[in-house]
Amino acid sequence: GLTRSYPISTKALEAHFLAGGNVPNVIRALIAAQRAGLTDLDWQTAAAIDLAGRDLLDAIRTSVYPKVIDCPDPAKGRQTIDAVAMDGIQLRVKARVTVRSKIERLIGGATEETIIARVGEGIVTTIGSAGTHKKVLENPDLISKTVLGKSLEAQTAFEILSIDIADIDVGDNIGAKLQ
């Protein structure tokens, strides 16, 4: 295939280094981007993304090979997203969100935590508006469809490709406890 070379001045490299940037990382990322066919990523953009504190190489990898994010993030302590349907029955849900990085949205775009929070909020809202918990249990895809329809990736560095409900369990009868 055709290879394009990007003339990067030593001044640009030096400026990035002095600004606290990781020059080798940006170079690796540009090479990876070129190999992946992402020709619209130039030095200025790559350097800016690096200075914004993003893992550029991971973002490029994720723009080519989508990544699965657990929702909620088990590393943060919570194992499930808990929500109560209108009949007072609690459901405990685990979801897996498949995302692809949008390189052009990396600067100023929200991170994975934002995606997890928004998907979690979407799950709680969907379950909360369901008449009965059985309706959700019979059709867990209802959650995925509703949450996907909310364009949750707006202003984030990602495109959500799919939301899969990995696990759904019946929790407590919150309605009975309240009475």
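Keep in mind that this is a model prediction, so the values were computed, not measured.

Asker: Let's hear about unusual backbone geometry: which residues, and what values?
Answerer: The linkage connecting Cys71 with the following residue, Pro72, adopts the cis geometry, with an omega of 5°. Mapped onto the elements of the fold, Pro72 is located in the loop between β1 (67-71) and β2 (81-84).

Asker: If you had to explain the pattern of salt bridges to someone new, which residues and values would you point to?
Answerer: Here the structure, examined in full by the defined rule, presents 9 salt bridges. Close ionic contact of Asp70 with Arg96 constitutes a salt bridge, the shortest N to O distance being 3.1 Å. On the criterion of sequence distance, the pair formed by Asp70 in strand β1 and Arg96 in strand β3 (residues 89-101) is long-range, its members being 26 residues apart. Look at Asp70 and you get partly exposed, because its relative accessible area is 32%. Judged by its relative accessible area of 39%, Arg96 is partly exposed. Among the ionic pairs, Lys76 bridges to Asp73, the shortest N-O distance being 3.9 Å.

Calculation criteria
- In this convention, every chain numbers its residues from 1, walking through the sequence in written order.
- Side-chain atom pairs in this predicted model are given and counted only at pLDDT of 80 or more, local residue features only at pLDDT of at least 70, and totals for whole chains, interfaces and linings cover all residues.
- Processing note: side-chain calculations cover all non-hydrogen atoms of the structure and skip hydrogens and water entirely.
- The helix count covers DSSP runs of H or I at least four residues long, the strand count covers runs of E at least two residues long, and both are numbered beginning at the N terminus.
- Basic side-chain nitrogens of Lys or Arg form a salt bridge, by our definition, when they fall within 4 Å of a carboxyl oxygen of Asp or Glu.
- Burial classes follow relative accessibility: with a 1.4 Å probe on protein chains only, a residue under 20% of its type's maximum area counts as buried, one over 50% as exposed, and anything between as partly exposed.

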